[in-house]
Amino acid sequence: MSEHQCDALVVCCIDFRFQKYIRDWTDKNLTGKNYDLIGFAGSTKDLDMVLKQIEISVKLHEIKQIVLIHHEDCGAYGVESMPERHAQDLKKAKQEINTKYPEVRVYLYYLHLDGRFEQII
Ligand SMILES: [Zn+2]
């Protein structure tokens, strides 16, 4: 067992417009839990890079839960920033994570410009 364990990992985009929404969401939904936070342009768009970070988080902090957040009007996706594309990439990321770490629960969200979190099933 590692010295410092962590409950969850949150992966989101760097976009400043959404950070307060994400903070409010984690305050409400990860209450009393601690979590690692990773920000990449496009969130999981560069999946290989994200998987490397996840590997570290899982091994070092033994996280049990991962929250992947994509958002509307994402500059990293440009004209491809459509809800369907984000849902597709989120599901792909979840699949790859669960192939490597079947015991980790993965939750997917599409964050709208108005701050609404839409869960992707
Ligand atoms: Zn973005």
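Residues numbered from 1 in each chain as written. Predicted model: local features only at pLDDT ≥ 70, side-chain atom pairs only at ≥ 80, totals over all residues.

The name given to the protein chain in an unreviewed UniProt entry is Carbonic anhydrase.

**Let's talk about the overall build of the protein chain**
Looking only at helices and strands, the protein chain has 3 helices and 5 strands in total. The N-to-C order of helical and strand elements in the protein chain reads β-α-β-α-β-α-β-β. In terms of overall size, the protein chain behaves like a compact globule, its C-alpha atoms giving a radius of gyration of 14 Å where 121 residues would be expected to give roughly 14 Å. If you line up the protein chain on its principal axes, its C-alpha atoms span 45 × 30 × 25 Å. Each of the 121 residues in the protein chain was classed as buried or not, and the buried ones make up 27%. (Helix = DSSP H or I, 4+ residues; strand = E, 2+ residues; numbered from the N terminus. Rg over C-alpha atoms; globule rule 2.2 N^0.38 Å. Buried ≥ 20, exposed ≤ 12 C-beta atoms within 10 Å, placed from the backbone.)

**Details of the nonpolar core**
Judged by nonpolar contacts, the single largest core of 25 residues is most densely connected at Leu9, Val10, Val11, Ile66, Val67, Leu68 and Ile69. The biggest single contributor to this core is strand β1 (residues 8-12), with 5 residues. Residue contacts for Leu9: discarding those within four places in its chain leaves Tyr35, Asp36, Ile38, Ile54, Ser57, Ile63 and Ile66. (Core = buried A, V, L, I, M, F, W, Y, C linked by C-beta atoms within 7 Å. Contact = placed C-beta atoms within 7 Å.)

**Some points on the pairing of strand β3 (residues 65-71)**
Most of β3 is tucked away: 6 of the 7 residues are buried. When β1 meets β3, the two strands line up parallel, connected through 4 bridges. Bridging across to β3, Ala8 finds its partner in Gln65. Pairing geometry for β3 and strand β4 (residues 105-111), over 7 bridges, is parallel. Opposite Ile66, over in β4, you have Val106 as the bridge partner. Where the polypeptide runs from β3 across helix α3 (residues 83-100) and back to β4, its parallel neighbour, the crossover connection is right-handed. (Pairing = 2+ DSSP bridges. Right-handed = clockwise from strand over helix to strand, strands pointing away.)

**Some points on the sheet that holds β3**
Note: strands within a sheet are paired through backbone hydrogen bonds, in either parallel or antiparallel orientation. The strand order across the open sheet formed by 5 strands is β2-β1-β3-β4-β5, and the pairing between neighbours is mixed. Among the strands making up the open sheet, the edge pair consists of β2 (35-39) and β5 (117-120). Neighbouring strand axes in the sheet, compared pairwise and without regard to direction, differ in orientation by 25 degrees on average. Packing against the sheet, helix α1 (residues 19-29) makes contact with β1, β2, β3, β4 and β5, and its axis sits at approximately 160 degrees to β1. Relative to β4, α3 is tilted by about 165 degrees, and along the sheet it contacts β3, β4 and β5. (Axes fitted to C-alpha atoms, helices over the stretch in contact; angles between N-to-C directions.)

**Thoughts on the environment of Arg116**
Its place among the elements puts Arg116 in the loop between β4 and β5. Along the chain, Arg116 and Ile22 lie 94 residues apart, while their C-alpha atoms are 10.0 Å from each other.

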